[in-house]
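Analysis of the macromolecular model
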Amino acid sequence: MTATNGQTTLSIRDLHVSVEDAEILRGVTLDIPAGEVHALMGPNGSGKSTLANALMGHPAYEITAGQVHFKGQDVLELETDERARLGMFLAFQYPAEIPGVRVASFLRLALNARRETEISVMEFRRLLMEKMQMLRMDPKFASRYLNEGFSGGEKKRNEILQLAVLEPELAILDETDSGLDIDALRIVADGVNRLRGSDLGVLVITHYQRLLNYIEPDRVHVLIDGRVVESGGKELAERLEAEGYERYGAAAASEDA
Amino acid sequence: MTSTTRDLITDLSTSHGEPGWLRERRAAAWHVYETTPAPTWSDEEWRRTDTSWVDWDGAAPAANGADPARLALPMEVSSASVLLRQRGSMVEVLYTSPEARDAGVTVVSLAAAADSDGDTVADRLGTDLAPPSAGKLQAMNAALWSGGAFVRVPEGAKLTAPIVIVIDAADQPIFPRTLVSTGAGSSADVLEWWRSSQAATPGLANGCVELFVGAGSKLSYTHVQAWGGHAGSFLTQYASVARDAELATTNVTLGGRFHKGAIAATLTGPGANVRLNGMAYLDGEQFADHHTLQDHRTTDAASDLLYVNVLDGSARSVYAGTIMVQPHAQRSNAYQQNRNLMLKRGPRADSIPRLEIMADDVRCTHGSTTSTIDPMHLYYLGSRGLGLDQARSLIVDGTFEPVLDRIPDATVRSAVRTAVRAKLHGTAAA
């Protein structure tokens, strides 16, 4: 069931999403082919995180219209865990802190949920250590409680660690750059770049262009007020960095950028 | 009725060949029992705890005869230092490791110890810690206990494997009694496990544990209550902790329909360090009440308590804990935390922390939380591919983990974890 390069992995058609009766997304249409990195940029409040969470099936987000297909399957019919097992992954902007649940034991369960046969404890250990080394994480991390007492940067690195171990086919990175200093940003970006290849589709959601200096996007989309108003190549991100979002109108300009 | 019971107690004592002083203590305890009123709702300690099911007038020594179910031991025999098993009233030592033998550790039935270690037992059994005057239940146990376990760890002995006490009950009342005494500078782990089959359970179990932790010694004592379905159970567990000694007790409450634990540690010498840990996983109609006391009677001692309840079905829990610091007990450091996790809307958890601080140079804090599973936690775990049941069970495991973490011995910790998981996943603990 592996998509090949050029095939569309994720297809979003005219997606409308409401939170507590307020419409946040007002008709989003977007395709992410396998193997491509797409950036979604926009000012605060434009609906970027809403899109990320709607794609993953957050219980508070109501889909009022539109369609989302992943690897040809209608994912709006699926529960969050079913979407994950199908190969979708969201690196959260604010990952949950779950006391008492150790990073390693949680991640092994999660990996086994995606596999036909269970990975052995030894084999898992080796895999985990290899990925942690790649992200320059202290091995002690594995026995800490999931995100509890983690710094902002540690949480983000832990999200990318999960991405690296679970090897999904679509990774949505929701403001992974926020709260990261420049060194951590480089390490995280390196990690993502190593996972790039013929299969993984990536949707990088970010406010700033900074992250895109390290993770070079194939396409850039601008989300304003719940709609994609412009799409282009990586030069679009540079232009946004120079000019800001003001040119897209009053609604965007009123946001604090 | 009363005179009959008195005769039965004498018969019990005689049949065990007990020394005269012990027979007299049983008779005296029975007298205290008869003259102490049963707990009622109006007593602060029993306000939330219904004991109307107890047949106070029918209390009598357990009859021999009924054979407890044959349950698998909670661990490999050889992973223990000593393994003592009580079935009904019959006690047998199933295994003693070379290490325990070389260290001179004594683990025998309490009845045998009344002979072999007469002075220690006479000095410590139901005297300072849990005398009959402590209450009607303590008096009942002091009069009626049978079998029993005596553990003496000599000065300087250090055991690397746990001493395991298994109490197997049939469908008859049972009165377990344990006395543990650690000599100066020694170190030991003790695991006591109360069990019965699901079908044949003791209607009344009333146990009493006394722990004497000697100067500079280390004792970890773990108690697992895993009675079957309809057992009603009382546990008194009192400890005294001497200078520079360390005690960790962990109470694991899984079985029965009713459980009341009275847990206390008295810190008697500077440098004493106590950890009181507890975890209960309750479902259906189960009820569990834990009253705890951290009693600081000395300067410069520390106590830290963590009790965690996870409740499903329409279960109920009561946690009531007191930190008491006596007037001269300066520089006491005491902490108390109770956490309750509800898996549904049906259960109820009462949490009553209390501080009685009579010294002025102390650090005492307490905290209590009661919560349901956070839907955002389920969403997060779901986004990694874990289904609802898997995510919930991981969260429950995680809620108990900080308590399991405080059980120092890996063998004990793993046996407890297995028992909790077995209940969580609805498989028989055996």
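Here goes a summary of the coordinates provided. (Residues numbered from 1 in each chain as written. Chains lettered and ligands numbered in written order. Predicted model: local features only at pLDDT ≥ 70, side-chain atom pairs only at ≥ 80, totals over all residues.)

Remarks on the overall build of chain A
- Counting its regular elements, chain A contains eight helices and 12 strands.
- Relative to the globule expectation of 18 Å for 257 residues, the C-alpha radius of gyration of chain A, 18 Å, shows essentially globular dimensions.
- A principal-axis box enclosing the C-alpha atoms of chain A has dimensions of 55 × 40 × 35 Å.
- Here chain A holds 257 residues, and 47% of them are scored as buried.
- Taking the contacts inside chain A whose residues are at least 6 apart along the sequence as the reference set, 71% of them involve residues at least 24 apart. (Helix = DSSP H or I, 4+ residues; strand = E, 2+ residues; numbered from the N terminus. Rg over C-alpha atoms; globule rule 2.2 N^0.38 Å. Buried ≥ 20, exposed ≤ 12 C-beta atoms within 10 Å, placed from the backbone. Contact = placed C-beta atoms within 7 Å.)

Points about helix 8 (residues 388-404) of chain B
- End to end, helix 8 of chain B covers 24 Å across 17 residues, agreeing with the expected 24 Å (1.5 Å per residue, within 8%).
- Within the span of helix 8 of chain B, buried status applies to A391(B), L394(B), I395(B), V396(B), D397(B), G398(B), T399(B), F400(B), V403(B) and L404(B). (Expected span 1.5 Å × (residues − 1).)

Side note on the environment of L247(B)
All names here are of chain B.
- Position of L247 among the secondary structure elements: in strand 11 (residues 246-253).
- Classification of L247 as buried rests on a count of 25 C-beta atoms within 10 Å.
- Taking the C-alpha atoms as reference points, L247 and L267, 20 residues apart in sequence, are found 9.8 Å from one another.

Focus: the interface of chain A and chain B
- Taken residue by residue, the interface counts 23 residues in chain A and 20 residues in chain B.
- Listed by contribution, the elements that provide at least two residues to the side of chain A that touches chain B are helix 2 (80-86), strand 7 (98-102), helix 3 (103-114) and helix 5 (152-166) of chain A.
- Take the side of chain A that touches chain B: its biggest share by element is five residues, from helix 3 of chain A.
- Class assignment for the residues of the side of chain A that touches chain B results in 15 nonpolar, four polar and four charged. (Nonpolar A, V, L, I, M, F, W, Y, C, P; charged D, E, K, R; others polar.)

Description of the packing of helix 8 of chain B against helix 9 (residues 410-424) of chain B
All names here are of chain B.
- At a minimum axis separation of 11 Å, helix 8 and helix 9 run at an interaxial angle of 150 degrees. Put simply, helix 8 runs roughly antiparallel to helix 9. In this structure, the crossing between helix 8 and helix 9 has a hand that is right-handed. Across the interface between the two elements, S393, V396, F400 and L404 of helix 8 pack against R413, V416, R417, V420 and L424 of helix 9.
- Across the contact of helix 8 with helix 9, the residue classes break down as six nonpolar, one polar and two charged. (Axes fitted to C-alpha atoms, helices over the stretch in contact; angles between N-to-C directions. Parallel < 35°, antiparallel > 145°, perpendicular 65-115°, else oblique. Left-handed = near helix turned anticlockwise from the far one by under 90°.)

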